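Coordinate analysis (summary)
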Amino acid sequence: MNLSRRHRLTSHVETGAMNDIMFFLMLFFLIASTLVNPNVIKLLLPNARSSKQVMKQPITISVDAAGTYFVNKKPVNPASVEPELVALIGTVPTTEQPTVVLRVDNSLNVQKLVDILEIGNRLKLKMVMATQAQQAAGK
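Overview of the structure. Predicted model only: the values in this text are computed from it and were never measured.

Considering the pairing of strand 2 (residues 59-63)
The buried fraction of strand 2 amounts to four of the five residues, a majority that puts the element mostly inside the structure. Where strand 2 lies against strand 5 (residues 99-104), five bridges are found, and the strand directions are parallel. Paired with I59 across the two strands is V100, which belongs to strand 5. Where strand 2 meets strand 3 (residues 69-71), three bridges bridge the pair, whose relative direction is antiparallel. Following the sheet pairing, V63 is matched in strand 3 by Y69. In textbook terms, the turn of a hairpin is the stretch between consecutive antiparallel strands, and for strand 2 and strand 3 this stretch comprises five residues, one of which, G67, has a positive phi near 90 degrees.

This is the structure:
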């Protein structure tokens, strides 16, 4: 009679390297998320109760607190905003209606916004005002 114990095989997965891999992935995504900043021009946008994202690649007109105009992050003279828009509209396919996103600093007077809206009206452009989501009152 054989009374010896049978040797059972146990499976074991080494997970020591898993911590290193997760750390490097987390570090990569943190660095990548700080580099992705679509709005390089610092503006304090006005608040709105609802915010809607524009999915197409729009033309962006920004006016900072100093009154400097930017068309797609390129500084332009206020008098040359309309010719810049006409040049950019020529690159948009005719099947799409061009969308212009207005990013105007909230400390500026309304006249600068009205001037840009008049240009958009003359060129028959769809214009959207960029805003920030309003913070909750308790925060």
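Here the narrative resumes.
Concerning the packing of aromatic side chains
By the definition in use, this model includes two aromatic pairs. Seen in terms of ring centroids, F28 and F29 are 5.3 Å apart; in terms of plane orientation they differ by 65 degrees. Their pairing is edge-to-face. Of the two residues, F28 and F29, neither departs from the other in class, the shared state being exposed.

Conventions we followed
Residues numbered from 1 in each chain as written. Predicted model: local features only at pLDDT ≥ 70, side-chain atom pairs only at ≥ 80, totals over all residues. Heavy atoms only, no water. Buried < 20%, exposed > 50% of the residue type's maximum accessible area, 1.4 Å probe, protein only. Helix = DSSP H or I, 4+ residues; strand = E, 2+ residues; numbered from the N terminus. Pairing = 2+ DSSP bridges. Phe/Tyr/Trp six-rings, centres within 6.5 Å; stacked < 30°, edge-to-face > 60°.

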